[in-house]
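# Secondary and tertiary structure notes
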Amino acid sequence: MLSRRRFAQAVIAATAGATVAGCSAQPAAAPAAAGPNPAGGTNSFGPLKRIDAGELSIGYAEAGPADGPVVVLLHGWPYDIHSYVDVAPHLVAAGYRVIVPFLRGYGPTRFLSKDTFRNGQQSAIAADIIALLDALKIQKAVFGGFDWGARTAVIIAALWPERCNALVSVSGYLVTNRETNKQPLSPAAELGWWYQFYFATERGILGYTKNRHDFNKLIWKIASPKWTFDDATYDRSAACFENPDHVAIVIHNYRWRLNLADGDPKLDALEQKLAQGPAVAVPTITIGSDFDGPNADGKAYRSKFSGKYEHRVLNGIGHNVPQEAPEEFAKAVIDVDRF
């Protein structure tokens, strides 16, 4: 197993000299870039905001009335807040205050200390969002997410239900169980996770550092094969992968999942709770898509949701559900809040 020290040394060596540009610039008054807008939304979140929260200075977009009910939308890898640029207008029209933060390692979000462990484990990201709520003085919100964002939203709903009014989770219950992850899958299933094995190597660190623009574009195409995004749409998000901590966070996230990197001991208590597979009791809508294959029907994780619940299947849609099907995602958020 890699020690945190060895891991940090490897990533620092690999990422030395990496440039910082685009979304990773200081965001105090930086507008989000515009791009194609097939759903008829705004194309842009307008000026971004920043607030110190926990270990981070978090960059985030905000839209809608300041006194409206709050919706927090969480992106995944390799995506950014623009996954929700066409979801937000639908929610604003319904009266919601919409907050879309850049996760650690993305866009303008920065660690407050250069000495903080660049940790990508699941509970660290969830704790970041709780810290964001505290900093913004928000007691409760509806959460929606996909990929890392769905995992984070489910964790918050499970461990901090008092902070969660309702939940929309693409691909359902994604909480990582590291003991389960020690067991091999079928060869075809293992092939689908090829990038995790790549990231487990020193070559993978170097390759992702050097080629992250093209690497992540390939992931977009594989995960959403029927989505015909153009270069402008992708490049708008790709700028946010130039965050100076991006490689370290991504590599650690996937190595930690495979038991190849240590987590942060101060999060052990949270991880022990998550290892028990806690159920989610808040009202929930889960969404399955083509990306989920045989699990698109949601039956594999139905038992994990003990409150009011509905599962929806979006045929012809890939992994990035909010950007591929913004109206359907926004409707799920509005509907679950009315359960």
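Residues numbered from 1 in each chain as written. Predicted model: local features only at pLDDT ≥ 70, side-chain atom pairs only at ≥ 80, totals over all residues. Heavy atoms only, no water.

This brings us to the overall build of the protein chain. Across its full length, the protein chain carries 12 helices and 9 strands. With 339 residues in all, the protein chain has 57% of them scored as buried. Nonlocal contacts in the protein chain, meaning residues at least 24 apart in sequence, comprise 78% of its contacts between residues at least 6 apart. Of the roughly 13,800 Å² that the protein chain leaves accessible, carbon and sulfur atoms contribute 55%. (Helix = DSSP H or I, 4+ residues; strand = E, 2+ residues; numbered from the N terminus. Buried < 20%, exposed > 50% of the residue type's maximum accessible area, 1.4 Å probe, protein only. Contact = heavy atoms within 4.5 Å. Areas by Shrake-Rupley, 256 points an atom, 1.4 Å probe, with all protein chains shown as cover.)

Turning to helix α8 (residues 231-238), a few remarks are in order. For α8, the full list of buried residues reads T233, Y234, R236, S237 and A238. As for α8, its buried residues are in contact with α7 (202-223) and α11 (321-324).

This part is about the pairing of strand β1 (residues 49-53). Pairing geometry for β1 and strand β2 (residues 56-63), over 5 bridges, is antiparallel. Note that in β2 the partner of D52 across the bridge is S57. From the end of β1 to the start of β2, which pair antiparallel, there are 2 residues, and G54 there has a positive phi angle of about 60 degrees. (Pairing = 2+ DSSP bridges.)

Together, L185, W193 and F197 make up an exposed nonpolar region whose accessible area comes to about 280 Å². Locating L185 in the fold gives a position in the loop between β7 (164-170) and α5 (187-192). (Patch = residues over 30% accessible without salt bridge, like charges linked within 9 Å, V, L, I, M, F, W, Y side chains within 5 Å. Salt bridge = Lys/Arg side-chain N within 4 Å of Asp/Glu carboxyl O.)

Side-chain pairs of opposite charge can arise whenever the charged atoms involved come near each other. Scanning the entire structure with this criterion turns up 16 salt bridges. Between E202 and R255 there is a salt bridge, with its nearest N and O atoms 3.3 Å apart. With E202 in helix α7 and R255 in helix α9 (residues 246-257), the pair connects residues that are 53 residues apart, well separated along the chain. Residues R312 and D335 are paired through a salt bridge, measuring 2.8 Å at the closest nitrogen-oxygen approach. Highlighted residues: R312 in strand β9 (residues 309-314) and D335 in helix α12 (residues 326-336), separated in sequence by 23 residues. A residue is classified by how much of its surface remains accessible, and R312, at 18% relative accessible area, is buried. Judged by its relative accessible area of 17%, D335 is buried. Residues joined in a network through salt bridges with shared partners are E55, R104, D128, D264 and K266.

According to the stated counting rule, one finds 31 aromatic pairs in the structure shown. Centre to centre, the rings of Y106 and W148 are 5.9 Å apart; their planes meet at 90 degrees, and the pair counts as edge-to-face. Of this pair, Y106 sits in the loop between β4 (97-101) and β5 (110-111) while W148 sits in helix α4 (residues 148-159), and the two are 42 residues apart along the sequence. W148 carries the same exposure label as Y106, and that label is buried. With 5.0 Å between their ring centres and 75 degrees between their planes, W220 and F229 make a pair best called edge-to-face. For the pair W220 and F229, a shared accessibility class is recorded, and that class is buried. The structure contains a cluster of three or more aromatic residues connected by ring pairs, namely W77, Y106, W148, W193, W194, Y195, Y198, F199, Y208, F215, F241 and Y254. (Phe/Tyr/Trp six-rings, centres within 6.5 Å; stacked < 30°, edge-to-face > 60°.)

Before going further, it helps to examine the side chain of Q121. Looking at the secondary structure, you find Q121 in the loop between β5 and α3 (122-135). In this structure the side chain of Q121 is engaged in a polar contact, spanning 2.6 Å, whose partner is the backbone nitrogen of D264. If we skip the residues at most four places from it in the chain, Q121 touches H252, W256, G263, D264, L267 and E271. (Polar contact = N/O pair within 3.5 Å; in protein donor to acceptor, adjacent residues only side chain to side chain.)

Excluding glycine, residues mostly carry a negative phi; peptide bonds, for their part, are mostly trans. Here the amide bond leading from W77 into P78 is cis, since omega sits at -5 degrees, within 30 degrees of zero. Inspection of the secondary structure puts P78 in the loop between β3 (70-74) and α2 (88-93). Backbone geometry places K137, a non-glycine residue, at a positive phi of 60 degrees. Mapped onto the elements of the fold, K137 is located in the loop between α3 and β6 (141-145). Even without a glycine there, the phi angle at D147 is positive, about 55 degrees. Looking at where D147 falls in the secondary structure, it is placed in the loop between β6 and α4.

This part covers the environment of T176. Relative to the elements of secondary structure, T176 occurs in the loop between β7 and α5. C-alpha of T176 to C-alpha of G277: the two residues are 101 residues apart in sequence and 8.9 Å apart in space. Apart from residues lying up to four places away in sequence, T176 is in contact with Q122, R151, N181, W256 and R257. Within the local environment of T176, its side chain forms a polar contact with the side chain of R151, the two groups lying 3.2 Å apart.

The subject of this paragraph is the environment of G59. Summarising the element assignment, G59 is placed in strand β2. Placed 41 residues apart in sequence, G59 and V100 show a C-alpha to C-alpha distance of 8.8 Å. What G59 contacts, discounting residues up to four positions off in sequence, is K49, R50, P101, F102, P108 and T109.

Taken residue by residue, helix α10 (residues 268-275) has L270, E271 and L274 as its buried positions. Considered in projection along α10, the buried side chains sweep an arc of 95 degrees and stay on one side of the axis. The elements touched by buried residues of α10 are α3, α4 and α9. The positive-phi residue at the C-terminal boundary of α10 is G277, with phi of around 65 degrees. (Arc of directions from axis to C-beta.)

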